[in-house]
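Here is how the chains run, residue by residue.
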Amino acid sequence: MKLGFFTMPIHPIEKDWRQSLHEDREAFVLADELGFVEAYCGEHVTDKAENITSCVTFLAWIASATRQIKLGTGTLNLPNTHPATAAAEIAMLDHMLDGRLLLGISPGGLLSDAELYGNLDANRNEMFLECINTILAIWSGEPPYDIKGKYWDVSTARTMMTEIGQGYLSRPLQRPHPPVVVTAVAPFSQGVAEAAVRGWEPISANFLMPQWVRSHWPKYVEGCARGGRPADPANWRVAKSIFVAEDAATAKAYATDPNGPYVGYYRSLFTKLKKNGRIGLFKTHKDQPDDEVTLEHVCDKLVIHGTPDKVADELLAFREQVGEFGTLLYAGKDWLDRDLGRRSMILLAEKVLPKLAAAKQTAKV
């Protein structure tokens, strides 16, 4: 199992924006130093708590501060941007990263963003597909282009000047394009199957109950079969909320503090999903009554915390429950306590991961 990092950063809304951005940056740099293989950041424009408004801008900021880790948009919310803008910015970012870019895409889940951009009542899944298809057509095509869609048209025919390069949209360094990943946030996600048909790879979100995470693998297998390629567990990424400390008391206190970053993270998500009628994501079975789904219930089921030994044991049990997957994505949280936040990532890489590897090796013998 490889380690990665995924943050849709949720910070206290009163926190100094400069501090939270610098702490988010520091977490990515630390992940690179610890040997994490990849790291993603999300973006939202109209959320004071989730205050990375552009994952492309953020990754450009940290490109030169990282050396080996692959960096991913997690995700680029495609209905909220023009496909030519996305194509051009992603192409440049891939060159800045010397080909270390992963392209995470989605229709976008924050409804206030959708309202802001005028697509709240639109078919955002349809917009999402048109946008990514247009981006890929730009990268595989030649200017002056002639791409017409329901939502966007792309052409530079009227202003093309081939001799000086005007009217040309840049291509990424990776050909034909950076690897595409999609985040699955629904049980039995048909989107996972459709993505797999196209050769894209899935990330299972860290706010899904394990049985819903498990439901993604058969969908990936289905899509790979339709796409004529083998379904390799190494291509499946699973995000998880984890906190590791040297002693159990510290781990429990930090991870369960009502005013701490872990409970705060899930309080924000719980409030949004309940308001939008999607509390079912937090249910342990489909028929569970809504009133049983409390914030305490959610945190208890979705946050793994403890010493390296305890966390390793719980991650092994989690893997047994959901199935084999290739990359464990550590879900980033606010650094209420910077030292504890950093130490958790260090312990995961240096103490927990070797225990997971040893357990897998023992199982093979």
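See above for the structure.
Bear in mind the structure is a predicted one, so any value in this text is a computation, not a measurement.

Caption draft 1: Broad picture of the pattern of salt bridges. Inspection of the entire model under this criterion finds 20 salt bridges. Among the salt bridges present, the one from E194 reaches R226, with a minimum N-O distance of 3.1 Å. Separated by 32 residues along the polypeptide, E194 in helix α6 (residues 190-197) and R226 in helix α8 (residues 216-227) bring together distant segments of the chain. Ionic pairing is found between E246 and R343, a salt bridge with its closest N-O pair at 2.7 Å. Here R343 lies in helix α13 (residues 338-364) and E246 lies in the loop between β10 (237-244) and α9 (248-256), a separation of 97 residues in the sequence. You can call E246 partly exposed: its relative accessible area is 49%. We classify R343 as partly exposed; its relative accessible area is 31%. Ionic contacts of the salt-bridge type, sharing partners, join the residues E26, R338, D339 and R342 into one network.

Caption draft 2: Representation of the packing of aromatic side chains within the structure. Enumeration according to the criterion identifies 16 aromatic pairs in this entry. With centroids separated by 5.8 Å and ring planes inclined at 75 degrees, the aromatic side chains of F58 and W61 adopt a geometry described as edge-to-face. Within this pair, F58 and its partner W61 are both found in helix α2 (residues 55-62), separated by three residues, close to a single helical turn. Its relative accessible area of 33% is what places W61 among the partly exposed residues. One aromatic cluster is present, built from ring pairs that chain together F5, F28, F58, W61 and Y330. Taking the ring centre of W61 as reference, the NZ or CZ of R25 above it sits at 5.1 Å.

Caption draft 3: Structural detail: helix α11 (residues 295-302). Looking only at α11, the buried set comprises L295, H297, V298, C299 and L302. In this structure, the buried side of α11 is in contact with β10, α10 (261-275) and β11 (303-306).

Caption draft 4: Seen up close, the environment of T294. Here T294 is to be found in the loop between α10 and α11. Separated by 150 residues in sequence, T294 and P144 place their C-alpha atoms 55 Å apart.

Caption draft 5: Region of the structure containing the nonpolar core. With 98 residues, the main nonpolar core has F36 and Y266 as its most contacted residues. Looking at which element gives the most residues to this core, the answer is helix α5 (residues 124-140), with eight residues. With near-sequence residues (within four places) excluded, F36 lies in contact with L3, G4, F5, A31, I69, Y330, M345, L348 and A349. Core analysis: the next-biggest nonpolar cluster, separate from the first, contains seven residues, L102, V181, I203 and L329 among them.

Caption draft 6: Expanded view of empty space enclosed by the protein. Scanning the entire structure with this criterion turns up four cavities of 30 Å³ or more. Estimated volume of the largest cavity: approximately 70 Å³. Forming the boundary of the largest cavity are F5, T7, H11, E23, D24, A27, Y330, G332, K333, D334, W335 and M345. Broken down by secondary-structure element, the contributors of at least two residues to the lining of the largest cavity are β1 (2-7) and α1 (17-33). Sort the elements by how many residues they give to the lining of the largest cavity and α1 lands first, with three residues. Residue composition of the lining of the largest cavity, by class: five nonpolar, three polar and four charged.

Calculation notes
- Residues numbered from 1 in each chain as written.
- Predicted model: local features only at pLDDT ≥ 70, side-chain atom pairs only at ≥ 80, totals over all residues.
- Heavy atoms only, no water.
- Salt bridge = Lys/Arg side-chain N within 4 Å of Asp/Glu carboxyl O.
- Helix = DSSP H or I, 4+ residues; strand = E, 2+ residues; numbered from the N terminus.
- Buried < 20%, exposed > 50% of the residue type's maximum accessible area, 1.4 Å probe, protein only.
- Phe/Tyr/Trp six-rings, centres within 6.5 Å; stacked < 30°, edge-to-face > 60°.
- Lys NZ or Arg CZ within 6 Å of the ring centre and 35° of its normal.
- Contact = heavy atoms within 4.5 Å.
- Core = buried A, V, L, I, M, F, W, Y, C linked by side-chain atoms within 4.5 Å.
- 1 Å grid on protein atoms, 1.4 Å probe; cavity = no way out; pocket = protein on both sides within 12 Å on 5 of 7 lines; lining within 4 Å.
- Points joined across faces, edges and corners; volume = space filled by probe spheres on them.
- Nonpolar A, V, L, I, M, F, W, Y, C, P; charged D, E, K, R; others polar.

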